[in-house]
Amino acid sequence: LVLWLATLAALGAAFAFASSFNRRLLEPLNAAREAADSIASGDLRVRLPEPPADEIGQLISALRRMTEHLGRTIGSIKGSTEQIAVASAEIATGNGDLSRRTEQQASSLQQTSSSMEELTGTVSTNADNARQANQLALGASEVARRGGEVVEQVVETMGEISDSSRK
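None of these values were measured; they are calculated from a predicted model.

Rules used throughout
Residues numbered from 1 in each chain as written. Predicted model: local features only at pLDDT ≥ 70, side-chain atom pairs only at ≥ 80, totals over all residues. Heavy atoms only, no water. Helix = DSSP H or I, 4+ residues; strand = E, 2+ residues; numbered from the N terminus. Rg over C-alpha atoms; globule rule 2.2 N^0.38 Å. Buried < 20%, exposed > 50% of the residue type's maximum accessible area, 1.4 Å probe, protein only. Contact = heavy atoms within 4.5 Å. Areas by Shrake-Rupley, 256 points an atom, 1.4 Å probe, with all protein chains shown as cover. Lys, Arg positive; Asp, Glu negative; His and termini not counted. Charge placed at Lys NZ, Arg CZ, Asp CG, Glu CD. Salt bridge = Lys/Arg side-chain N within 4 Å of Asp/Glu carboxyl O. Expected span 1.5 Å × (residues − 1). Core = buried A, V, L, I, M, F, W, Y, C linked by side-chain atoms within 4.5 Å.

A. The arrangement of the overall build of the protein in detail. Of regular secondary structure, the protein possesses two helices and zero strands. Computed over its C-alpha atoms, the radius of gyration of the protein comes to 57 Å, more than 25% above the 15 Å expected for a compact globule of 167 residues. Along the first, second and third principal axes, the C-alpha atoms of the protein reach 200 × 20 × 15 Å. The 167 residues of the protein split such that 7% are buried. Residue pairs at least 24 apart in sequence account for 47% of intrachain contacts in the protein once pairs closer than 6 positions are excluded. As displayed, the protein offers around 13,600 Å² of accessible surface, 60% of which is attributable to carbon and sulfur atoms. On the protein, the mean spot of the 16 positive side-chain charges and the mean spot of the 21 negative ones are 10 Å from each other.

In structure tokens, the structure reads:
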């Protein structure tokens with residue numbers, strides 16, 4: 001009976017030791033696994049237990065550092081994304097302004113083109129009028145020359161009449 005009781009006590013102590021050992025070993029490992037699962041699902045707010053001073057503790061410390069680093073990296077990416085969004089909005093506004101100015105320039109060019117066509121028509125009309133005036137001036141010059149010849153003939157005739165009347 002004593003032997004059975006001693007065996008039962010030894011088994012109970014072994015069970016208590018194994019249970020304590022498992023708790024000491026498995027609880028931090030389970031916490032590390034749960035933290036890794038949370039991080040993998042995108043939750044960086046996970047809180048890790050204080051690490052023991054063994055290899056499991058080193059694993060938990062590494063997970064803690066990784067979580068902090070990922071948090072800083074994601075914060076930096078978020079800030080960069082916001083800056084890109086602001087810059088994109090400014091570029092869109094600039095493109096709109098450029099588009100409006102381009103449309104205004106196109107309208108001004110159309111008006112200038114229309115004015116140039118009117119000016120070309122006016123210059124062409126003026127050139128035609130100048131040719132007609134030149135033709136009229138040439139005609140008038142010819143008439144004046146003939147008139148001068150006629151006047152010379154009249155003067156000669158008057159001179160002959162005057163000579164005849166003296167005779």
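Don't stop here, the text continues.
B. Here's a closer look at the pattern of salt bridges. With the rule as written, the count across this model stands at six salt bridges. One salt bridge connects D128 with R131, and the closest N-O pair in it is separated by 2.2 Å. With D128 and R131 both in helix α2 (residues 55–166) and three residues apart, the pair spans about one turn of that helix. R146 serves as the salt-bridge partner of E142, at 3.3 Å between the closest nitrogen and oxygen. In this pair, E142 and R146 both sit in helix α2, four residues apart, roughly one turn of the helix.

C. Focus on the environment of S124. Mapped onto the elements of the fold, S124 is located in helix α2. For the pair S124 and R64, spaced 60 residues apart in sequence, the C-alpha separation works out to 88 Å.

D. Region of the structure containing α2. A rise of 1.5 Å per residue sets the reference length of α2, with its 112 residues, at 166 Å; its end C-alpha atoms lie 159 Å apart and thus fit the reference within 8%. If you check which residues of α2 are buried, you get I56, G57, I60, L63 and T67. Looking at the packing, one finds that the buried side of α2 touches α1 (2–40).

E. Molecular detail of the nonpolar core. In terms of nonpolar packing, the biggest core is built from eight residues, these being A32, A35, I39, V46, L48, I56, I60 and L63. Contributing elements (two or more residues each) for this core: α1 and α2. Contacts of I56, omitting those with residues within four sequence positions, involve L25, P28 and L29.

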